[in-house]
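Secondary and tertiary structure notes
Here are the chains, one letter per residue:
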Amino acid sequence: MERKIPRQQRAVSAVDTTLEATAQLLEQSLDGHVTTNHVAARAGYSVGTVYRYFADKQAIFEAMIRSELARQEAQVAARLADPDIDTVEGFARVLVAAARTPFKGRVKVRRALMLAAASRRDLAALLDDTLERLTELFVEAVRSRAVDCARVPPAAGRHAILRGVIAATRSAALTKPHLLDDPDFETELVRSLVQVFR
(Lines give C-alpha, C1' and ligand atoms only; values in the text may rest on other atoms or scores of the structure.)
Protein backbone atom coordinates (compact mmCIF):
# COMPACT_ATOMS: atom_id res chain seq x y z
CA MET A 1 0.00 0.00 0.00
CA GLU A 2 1.25 3.46 -0.84
CA ARG A 3 1.97 5.48 2.29
CA LYS A 4 1.72 9.00 0.94
CA ILE A 5 -0.35 10.05 -2.04
CA PRO A 6 1.95 12.05 -4.31
CA ARG A 7 0.39 15.36 -5.29
CA GLN A 8 3.25 17.65 -6.26
CA GLN A 9 5.11 17.01 -9.49
CA ARG A 10 8.31 16.21 -7.60
CA ALA A 11 6.52 13.53 -5.58
CA VAL A 12 4.84 12.06 -8.66
CA SER A 13 8.22 11.97 -10.35
CA ALA A 14 9.75 10.18 -7.33
CA VAL A 15 7.05 7.52 -7.44
CA ASP A 16 7.40 7.05 -11.21
CA THR A 17 11.19 6.83 -10.89
CA THR A 18 10.84 4.25 -8.12
CA LEU A 19 8.48 2.12 -10.22
CA GLU A 20 10.77 2.29 -13.25
CA ALA A 21 13.84 1.48 -11.15
CA THR A 22 12.04 -1.57 -9.77
CA ALA A 23 11.07 -2.70 -13.28
CA GLN A 24 14.66 -2.37 -14.46
CA LEU A 25 15.94 -4.42 -11.53
CA LEU A 26 13.32 -7.13 -12.01
CA GLU A 27 14.14 -7.37 -15.70
CA GLN A 28 17.86 -7.76 -14.94
CA SER A 29 17.42 -10.14 -12.01
CA LEU A 30 17.95 -13.84 -12.52
CA ASP A 31 15.48 -14.82 -9.79
CA GLY A 32 13.10 -11.86 -9.54
CA HIS A 33 14.54 -10.88 -6.16
CA VAL A 34 14.99 -7.18 -5.42
CA THR A 35 15.04 -5.23 -2.18
CA THR A 36 13.97 -1.71 -1.33
CA ASN A 37 17.65 -0.89 -0.86
CA HIS A 38 18.35 -2.04 -4.42
CA VAL A 39 15.41 0.01 -5.68
CA ALA A 40 16.50 3.14 -3.82
CA ALA A 41 20.05 2.83 -5.16
CA ARG A 42 18.84 2.32 -8.75
CA ALA A 43 16.41 5.25 -8.45
CA GLY A 44 19.11 7.49 -6.98
CA TYR A 45 17.20 8.05 -3.74
CA SER A 46 17.77 7.23 -0.12
CA VAL A 47 15.80 4.24 1.12
CA GLY A 48 13.94 6.71 3.35
CA THR A 49 12.59 8.45 0.26
CA VAL A 50 11.26 5.14 -1.06
CA TYR A 51 9.65 4.40 2.31
CA ARG A 52 8.01 7.82 2.28
CA TYR A 53 5.79 6.56 -0.54
CA PHE A 54 5.81 2.77 -0.13
CA ALA A 55 5.54 0.68 3.02
CA ASP A 56 7.59 -2.15 1.53
CA LYS A 57 8.55 -3.96 -1.66
CA GLN A 58 5.08 -5.50 -1.98
CA ALA A 59 3.57 -2.01 -1.98
CA ILE A 60 5.86 -1.08 -4.87
CA PHE A 61 4.77 -4.19 -6.75
CA GLU A 62 1.11 -3.37 -6.11
CA ALA A 63 1.60 0.17 -7.42
CA MET A 64 3.27 -1.22 -10.54
CA ILE A 65 0.34 -3.56 -11.18
CA ARG A 66 -2.26 -0.85 -10.63
CA SER A 67 -0.37 1.59 -12.84
CA GLU A 68 0.02 -0.95 -15.63
CA LEU A 69 -3.65 -1.95 -15.58
CA ALA A 70 -4.71 1.69 -15.79
CA ARG A 71 -2.24 2.37 -18.60
CA GLN A 72 -3.34 -0.67 -20.57
CA GLU A 73 -7.02 0.10 -20.15
CA ALA A 74 -6.54 3.63 -21.45
CA GLN A 75 -4.36 2.44 -24.32
CA VAL A 76 -6.73 -0.32 -25.40
CA ALA A 77 -9.76 1.99 -25.19
CA ALA A 78 -7.98 4.52 -27.40
CA ARG A 79 -6.97 1.86 -29.95
CA LEU A 80 -10.46 0.35 -30.04
CA ALA A 81 -11.80 3.80 -30.90
CA ASP A 82 -9.58 3.99 -34.02
CA PRO A 83 -11.98 4.67 -36.92
CA ASP A 84 -9.73 2.79 -39.35
CA ILE A 85 -10.38 -0.54 -37.62
CA ASP A 86 -13.52 -2.16 -39.02
CA THR A 87 -13.06 -5.94 -38.79
CA VAL A 88 -13.29 -8.43 -35.96
CA GLU A 89 -9.66 -9.40 -36.60
CA GLY A 90 -8.54 -5.78 -36.38
CA PHE A 91 -10.20 -5.31 -33.01
CA ALA A 92 -8.92 -8.70 -31.83
CA ARG A 93 -5.35 -7.70 -32.68
CA VAL A 94 -5.68 -4.69 -30.37
CA LEU A 95 -6.55 -6.93 -27.42
CA VAL A 96 -3.95 -9.57 -28.20
CA ALA A 97 -1.17 -6.99 -28.56
CA ALA A 98 -2.04 -5.57 -25.14
CA ALA A 99 -2.16 -9.03 -23.55
CA ARG A 100 1.19 -10.05 -25.04
CA THR A 101 3.18 -6.97 -24.08
CA PRO A 102 2.31 -5.54 -20.66
CA PHE A 103 5.04 -3.75 -18.73
CA LYS A 104 6.59 -2.56 -22.01
CA GLY A 105 7.14 -6.16 -23.04
CA ARG A 106 9.33 -6.90 -20.01
CA VAL A 107 8.63 -10.60 -19.48
CA LYS A 108 10.63 -10.94 -16.26
CA VAL A 109 8.77 -7.98 -14.74
CA ARG A 110 5.45 -9.53 -15.68
CA ARG A 111 6.47 -12.89 -14.25
CA ALA A 112 7.68 -11.43 -10.94
CA LEU A 113 4.55 -9.32 -10.49
CA MET A 114 2.24 -12.21 -11.39
CA LEU A 115 3.88 -14.31 -8.71
CA ALA A 116 3.78 -11.46 -6.18
CA ALA A 117 0.07 -10.88 -6.81
CA ALA A 118 -0.97 -14.54 -6.90
CA SER A 119 -2.34 -14.59 -3.36
CA ARG A 120 -3.82 -11.08 -3.34
CA ARG A 121 -7.60 -11.16 -3.68
CA ASP A 122 -7.80 -7.39 -4.01
CA LEU A 123 -5.44 -7.41 -6.99
CA ALA A 124 -7.25 -10.36 -8.54
CA ALA A 125 -10.51 -8.40 -8.20
CA LEU A 126 -8.89 -5.33 -9.75
CA LEU A 127 -7.67 -7.39 -12.70
CA ASP A 128 -11.09 -8.99 -13.12
CA ASP A 129 -12.84 -5.60 -13.08
CA THR A 130 -10.38 -4.27 -15.66
CA LEU A 131 -10.90 -7.31 -17.88
CA GLU A 132 -14.65 -6.92 -17.59
CA ARG A 133 -14.51 -3.30 -18.78
CA LEU A 134 -12.09 -4.10 -21.61
CA THR A 135 -14.22 -7.03 -22.74
CA GLU A 136 -17.32 -4.85 -22.90
CA LEU A 137 -15.42 -2.15 -24.83
CA PHE A 138 -14.16 -4.79 -27.25
CA VAL A 139 -17.55 -6.43 -27.75
CA GLU A 140 -19.25 -3.07 -28.29
CA ALA A 141 -16.60 -1.99 -30.82
CA VAL A 142 -16.98 -5.25 -32.74
CA ARG A 143 -20.80 -5.20 -32.53
CA SER A 144 -21.14 -1.62 -33.73
CA ARG A 145 -18.26 -1.27 -36.19
CA ALA A 146 -16.93 -4.62 -37.45
CA VAL A 147 -18.34 -5.23 -40.92
CA ASP A 148 -17.83 -8.98 -40.57
CA CYS A 149 -19.43 -9.51 -37.16
CA ALA A 150 -21.95 -12.35 -37.59
CA ARG A 151 -22.99 -12.77 -33.96
CA VAL A 152 -22.49 -11.25 -30.53
CA PRO A 153 -21.65 -13.81 -27.86
CA PRO A 154 -23.91 -14.18 -24.83
CA ALA A 155 -22.75 -13.01 -21.40
CA ALA A 156 -21.06 -16.33 -20.60
CA GLY A 157 -19.13 -16.20 -23.86
CA ARG A 158 -18.10 -12.61 -23.25
CA HIS A 159 -16.76 -13.60 -19.84
CA ALA A 160 -14.41 -16.09 -21.47
CA ILE A 161 -13.24 -13.89 -24.37
CA LEU A 162 -10.37 -11.89 -22.95
CA ARG A 163 -9.74 -14.13 -19.97
CA GLY A 164 -8.77 -16.95 -22.31
CA VAL A 165 -6.20 -14.77 -24.04
CA ILE A 166 -4.89 -13.53 -20.68
CA ALA A 167 -4.58 -17.10 -19.36
CA ALA A 168 -2.63 -18.17 -22.46
CA THR A 169 -0.24 -15.22 -22.32
CA ARG A 170 0.25 -15.61 -18.55
CA SER A 171 1.13 -19.26 -19.02
CA ALA A 172 3.56 -18.36 -21.77
CA ALA A 173 5.18 -15.66 -19.60
CA LEU A 174 5.71 -18.18 -16.81
CA THR A 175 6.79 -21.24 -18.76
CA LYS A 176 7.51 -20.43 -22.42
CA PRO A 177 8.35 -16.72 -22.76
CA HIS A 178 9.63 -17.19 -26.32
CA LEU A 179 6.01 -17.70 -27.42
CA LEU A 180 5.21 -14.07 -26.64
CA ASP A 181 7.37 -13.06 -29.63
CA ASP A 182 6.13 -15.85 -31.91
CA PRO A 183 3.85 -14.57 -34.72
CA ASP A 184 2.08 -17.95 -34.81
CA PHE A 185 1.14 -17.59 -31.15
CA GLU A 186 -0.33 -14.16 -31.85
CA THR A 187 -2.21 -15.50 -34.87
CA GLU A 188 -3.78 -18.29 -32.84
CA LEU A 189 -4.84 -15.93 -30.06
CA VAL A 190 -6.43 -13.58 -32.59
CA ARG A 191 -8.16 -16.52 -34.27
CA SER A 192 -9.62 -17.64 -30.94
CA LEU A 193 -11.21 -14.21 -30.48
CA VAL A 194 -12.44 -13.95 -34.07
CA GLN A 195 -14.22 -17.32 -33.88
CA VAL A 196 -16.43 -16.07 -31.04
CA PHE A 197 -18.05 -13.61 -33.48
CA ARG A 198 -18.57 -16.06 -36.36
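Residues numbered from 1 in each chain as written. Predicted model: local features only at pLDDT ≥ 70, side-chain atom pairs only at ≥ 80, totals over all residues. Heavy atoms only, no water.

Considerations on the nonpolar core
Which entries qualify depends on this criterion: Only buried residues count toward a nonpolar core, which is a set of Ala, Val, Leu, Ile, Met, Phe, Trp, Tyr and Cys residues joined through side-chain atoms within 4.5 Å. Summary of the burial criterion: residues with accessible area below 20% of their type's maximum are buried, those above 50% are exposed, and those between are partly exposed, where the area comes from a 1.4 Å probe applied to protein chains only. Two residues form a contact once any of their heavy atoms are found within 4.5 Å.
In terms of nonpolar packing, the biggest core is built from 61 residues, with Leu26, Phe54, Met64, Phe91, Leu113 and Phe138 touching the most fellow members. Setting aside chain neighbours within four positions, we find phenylalanine 138 in contact with Leu80, Phe91, Ala92, Leu95, Ile161 and Phe197.

Here's the deal with unusual backbone geometry
Spelled out, the test is: By the criteria applied, helices consist of DSSP H or I runs no shorter than four residues and strands consist of E runs no shorter than two, each listed in order from the N terminus.
Not every positive phi belongs to a glycine, and phenylalanine 103 is a case in point at roughly 55°. By the secondary structure assignment, phenylalanine 103 is in the loop between α5 (88–100) and α6 (107–117). The phi angle at lysine 104 is positive, at roughly 55°, despite the residue not being glycine. As for its position among the elements, lysine 104 is in the loop between α5 and α6.

What to know about the pattern of salt bridges
The criterion, for reference: When a carboxyl oxygen of Asp or Glu is within 4 Å of a side-chain nitrogen of Lys or Arg, the pair counts as a salt bridge.
Evaluated as defined, the whole model comprises 18 salt bridges. Across the pair aspartate 148 and arginine 198 runs a salt bridge, and its minimum N-O distance is 3.6 Å. In this pair, aspartate 148 is assigned in the loop between α7 (121–145) and α8 (155–175) and arginine 198 in the segment after α9 (183–195), connecting sequence segments 50 residues apart. Relative accessible area serves as the criterion here: at 44%, arginine 198 is assigned to the partly exposed category.

A word on the layout of surface pockets
To keep things clear, this is the line we draw: For each structure, a 1 Å grid was placed over the protein atoms alone; sets of points admitting a 1.4 Å probe that cannot get out are labelled cavities, open sets with protein on both sides within 12 Å along at least five of seven lines are labelled pockets, and lining residues have an atom within 4 Å of a point. Grid points are joined across faces, edges and corners, and a volume is the space filled by probe spheres set on the points.
Its volume calculated, the largest pocket comes out at about 490 Å³. Taken together, 24 residues line the largest pocket, and the ones lying closest to its centre are Leu69, Met114, Leu127, Ile166 and Arg170. Every element with two or more residues in the lining of the largest pocket is listed here: α4 (57–80), α5, α6, α7 and α8. Looking at which element gives the most residues to the lining of the largest pocket, the answer is α7, with 6 residues.

Everything listed is a geometric property; what it means functionally is a separate question.
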